[in-house]
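Architecture at a glance
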Amino acid sequence: MRNRDVNFIRIARDGERTPIMRAVAVEAPIAIEINGIGYAVMMATPDDLIDFAHGFVWSERLVEEAGEILTVEPVTTAIGHRLRIELIPERSERLFERFRHRVSDSSCGMCGIENLEQAIRPLPRVTEQETVADRALFRALGHLRERQPLNLATGAAHAAALCNREGLILVVREDVGRHNAFDKLIGAMLRGGLTWGNGFALLSSRCSYELVEKAALSDCPTLVTISAPTSLAVERARATGIRLIVLARSDSVLTPD
């Protein structure tokens with residue numbers, strides 16, 4: 001279930017109180033197990049979880065191609081959801097090394113040289129360099145809202161969209177978390193054998209450095225976000241060759257000079 005109805009009381013400025021029912025987006029813990037290891041617990045919308053699993057292990061740099069993910073088993077429990085992921089045995093060493101850093105990060109924060117190096121890891125440069133026409137950006141922006149059913153119902157979900165070079169929206173994934181939505185989209189692309197194909201990603205969120213990293217790892221040449229970027233997002237985009245489009249509105253967009 002992506003959303004559920006909750007009873008509220010609407011309080012007007014004049015003091016009038018009216019009972020109403022409103023849909024709210026579902027947020028639940030998703031425990032991620034990889035090759036039998038309890039790797040992480042994410043708070044997410046429990047929908048498109050197989051896509052989420054694929055995109056998550058890709059963004060964590062645990063695999064290099066979709067075929068290295070053997071199985072994904074979503075399991076619903078009384079208190080949340082569990083994603084059991086099985087990778088090929090050849091990825092075990094990479095899994096254990098990444099897990100060791102995650103444990104270190106969670107126990108003491110970004111507190112040492114090793115952790116800082118892990119936080120700002122080198123990223124590949126994107127291979128596609130063709131510039132998307134401005135009209136394509138505005139075409140996609142004009143149709144994104146209608147492709148966000150969860151957000152239309154609740155007003156509380158982010159979207160990540162794969163758009164082709166003409167601005168046609170091909171695939172959309174939603175989640176209460178902007179990172180999760182992008183992981184779900186990347187996972188859906190991996191499972192479907194889709195590439196960016198000189199198109200672009202359109203995200204209904206601010207542009208944080210983590211989203212730039214996910215874009216770079218998925219070889220996305222152009223990243224468009226509805227809200228503003230952080231300084232590190234701009235720096236990382238320049239370093240990877242990603243064309244960044246931010247504060248994207250129906251009448252204008254911004255791109256770093």
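All of these numbers come straight from a predicted model, not from anything done at the bench.

Rules and cut-offs
Residues numbered from 1 in each chain as written. Predicted model: local features only at pLDDT ≥ 70, side-chain atom pairs only at ≥ 80, totals over all residues. Heavy atoms only, no water. Helix = DSSP H or I, 4+ residues; strand = E, 2+ residues; numbered from the N terminus. Buried < 20%, exposed > 50% of the residue type's maximum accessible area, 1.4 Å probe, protein only. Contact = heavy atoms within 4.5 Å. Salt bridge = Lys/Arg side-chain N within 4 Å of Asp/Glu carboxyl O. Pairing = 2+ DSSP bridges. Axes fitted to C-alpha atoms, helices over the stretch in contact; angles between N-to-C directions. Phe/Tyr/Trp six-rings, centres within 6.5 Å; stacked < 30°, edge-to-face > 60°.

1. Overview of the overall build of the protein
When helices and strands are tallied, the protein shows eight helices and 11 strands. Seen along its three principal axes, the alpha-carbon backbone of the protein occupies a region of about 60 × 50 × 40 Å. The 257 residues of the protein split such that 46% are buried. Sequence separation of at least 24 residues holds for 51% of the intrachain contacts in the protein that already meet a minimum separation of 6.

2. Regarding the pattern of salt bridges
Considering all chains together, one arrives at 16 salt bridges under this definition. Across the salt bridge formed by Asp 51 and Arg 173, the nearest N and O atoms sit 2.8 Å from each other. Taken together, the residues span a long stretch of sequence, with Asp 51 in helix α1 (residues 49–59) and Arg 173 in strand β8 (residues 169–175) at a distance of 122 residues. You'll find Asp 51 and Arg 173 in the same group, each marked buried. Glu 213 is the partner of Arg 236 in a salt bridge, and the nearest nitrogen-oxygen pair spans 2.6 Å. With a gap of 23 residues between them, Arg 236 in helix α8 (residues 231–240) and Glu 213 in helix α7 (residues 209–217) connect regions that are remote in the sequence. Classification of Arg 236 by relative accessible area gives buried; the value is 11%. Residue classification places Glu 213 among the buried residues on the basis of a relative accessible area of 11%.

3. Quick notes on the sheet that holds strand β6 (residues 81–87)
Hydrogen bonds along the backbone pair up the strands of a sheet, which may run parallel or antiparallel. Strands sit in the order β4-β3-β6-β5 across an open sheet of four strands; the sheet is mixed. Every interior strand has two partners, whereas the edge strands, β4 (37–44) and β5 (69–76), have only one. Taking each pair of neighbouring strands and ignoring which way they run, the sheet shows an average axis angle of 20°. For β5 and β6, the ladder comprises seven bridges, and the chain directions are antiparallel. Note that in β6 the partner of Thr 76 across the bridge is His 81. Its contacts with the sheet put α1 on β3 (28–34), β4, β5 and β6, and the angle it makes with β5 is roughly 130°.

4. Comments concerning the packing of aromatic side chains
If you walk through the whole model with that rule in mind, you get three aromatic pairs. Ring centres of Tyr 39 and Phe 56 lie 5.9 Å apart, and the angle between their planes is 85°; this geometry places the pair in the edge-to-face category. Taken as a pair, Tyr 39 in strand β4 and Phe 56 in helix α1 lie far apart in primary sequence, 17 residues in all. Judged on exposure class, the residue Tyr 39 and its partner Phe 56 are both buried. Between Tyr 39 and Phe 99 the ring centres are 6.4 Å apart and the planes differ by 40°, which places this aromatic pair in the tilted class. Of this pair, Tyr 39 sits in strand β4 while Phe 99 sits in helix α2 (residues 92–108), and the two are 60 residues apart along the sequence.

5. What about the sheet that holds β8?
Read from one edge to the other, the open sheet built from five strands follows the order β8-β7-β9-β10-β11, with strand pairing classed as mixed. Here the strands that pair on one side only, and so sit at the sheet edges, are β8 and β11 (243–245). Neighbour-to-neighbour, the strand axes of this sheet turn through a mean angle of 15°, independent of strand direction. In terms of strand pairing, strand β7 (residues 158–163) meets strand β9 (residues 200–203) through four bridges, oriented antiparallel. Across the sheet, Cys 163 pairs through a bridge with Phe 200, a residue of β9. Where helix α4 (residues 134–144) meets the sheet, it contacts β7, β8, β9, β10 (222–225) and β11, and its direction lies at approximately 40° from that of β9. Running over the sheet, helix α6 (residues 178–192) touches β7, β8, β9 and β10 and is turned about 140° from β8.

6. Comments concerning the pairing of β4
Of the strand pairs in this sheet, β3 and β4 are connected by seven bridges, and their pairing is antiparallel. Bridge pairing in β4 links Ala 31 to Val 41. The loop that links β3 with its antiparallel partner β4 comprises two residues; one of these, Asn 35, has a positive phi angle of about 50°.

Remember that the coordinates give geometry; whether it matters functionally is a separate question.
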